[in-house]
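So the chains spell out like this:
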Amino acid sequence: MNILVNKLINFIIFFSVVLMINSCSHYRIQKLEEHDYDKKDFYQLLSFEYLKLAKFELYKMHDEIDANLFAYKSSLAKNKNIFYPENPSDWNIPQKYEKTANILYDKINKFMINKVYQEYPKNFSQLLSAYDCWIEQIEENWQTDHIDACYEKLNKNLEIISMKLSEVDKKINEESIELSTNKNNLTSENDEYKLIVFFEF
């Protein structure tokens, strides 16, 4: 009898917690949907991307916990300008994904240090949200179509950003070479001028 009562109590506690999280996620999503998003502002773009993930997790997948995480990160980006990639070490991801996850985590953090999101707000907001989506999906590790979709989105935006940065570096290098060449030419001209002056004197 006691075992049955304990199971019933645990059952009630479990579903009470689930309902509480569900209500919290739904409330956060409702509040976020009231906002008009500026599609040129990075924080607004990122908030909107996380909002889409939160809605998908809650209303399509009925995953209250992950919906609450994405709704929280959406609110954090919108209201406090705070954002961060999920650390793979904090998630129970399969070993086969660990190396790739850590490489991506380090890459995104380097982008953040260099403030890449200021130059490419749309691409970086999609990269970061898709990365977090991928981390969440590989921990669950059963919806292969969702895993692939998140990875394809993050990889697409990673390639776009990397290509743009490469073009910028190339342009900077070309300008540096041009400046160096001009400097050498000016030095040569000055030497020639000095030589002419010397002989004329």
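Let me begin by describing the structure that accompanies this report. (Residues numbered from 1 in each chain as written. Predicted model: local features only at pLDDT ≥ 70, side-chain atom pairs only at ≥ 80, totals over all residues. Heavy atoms only, no water.)

**Section: the packing of helix α4 (residues 95–113) against helix α6 (residues 121–140)**
Between α4 and α6, whose axes approach to 11 Å, the crossing angle comes to 155°. One way to sum up the angle between α4 and α6 is to call them roughly antiparallel. The handedness of the crossing between α4 and α6 is left-handed. Touching Y97, T100, A101, L104, Y105, I108, F111 and M112 of α4 are F124, L127, L128, Y131, W134, I135 and I138, all from α6. Class assignment of the residues belonging to the contact of α4 with α6 gives a composition of 14 nonpolar, 1 polar and no charged. (Axes fitted to C-alpha atoms, helices over the stretch in contact; angles between N-to-C directions. Helix = DSSP H or I, 4+ residues; strand = E, 2+ residues; numbered from the N terminus. Parallel < 35°, antiparallel > 145°, perpendicular 65-115°, else oblique. Left-handed = near helix turned anticlockwise from the far one by under 90°. Contact = heavy atoms within 4.5 Å. Nonpolar A, V, L, I, M, F, W, Y, C, P; charged D, E, K, R; others polar.)

**Considering the packing of helix α3 (residues 64–80) against α6**
One can describe the packing of α3 onto α6 by two numbers: an axis separation of 12 Å at closest approach and a directional angle of 165°. In terms of orientation, α3 and α6 fall into the roughly antiparallel class. Crossing geometry of α3 relative to α6 is assigned as right-handed. In this structure, α3 contributes D66, F70 and K73 to the contact, and α6 contributes D132, C133, E136 and E140. In the contact of α3 with α6, the residues fall into 2 nonpolar, no polar and 5 charged.

**Things to note about the state of the cysteines**
Chemically, a disulfide is nothing more than a covalent bond linking the sulfur atoms of two cysteines. Counted by the stated rule, this structure contains 1 disulfide. The disulfide partner of C133 is C150, and the S-S distance across this bridge is 1.9 Å. With C133 in helix α6 and C150 in helix α7 (residues 144–200), this residue pair connects regions lying 17 residues apart in the sequence. Pair check on accessibility: C133 and C150 agree, each one buried. (Disulfide = S-S within 2.5 Å. Buried < 20%, exposed > 50% of the residue type's maximum accessible area, 1.4 Å probe, protein only.)

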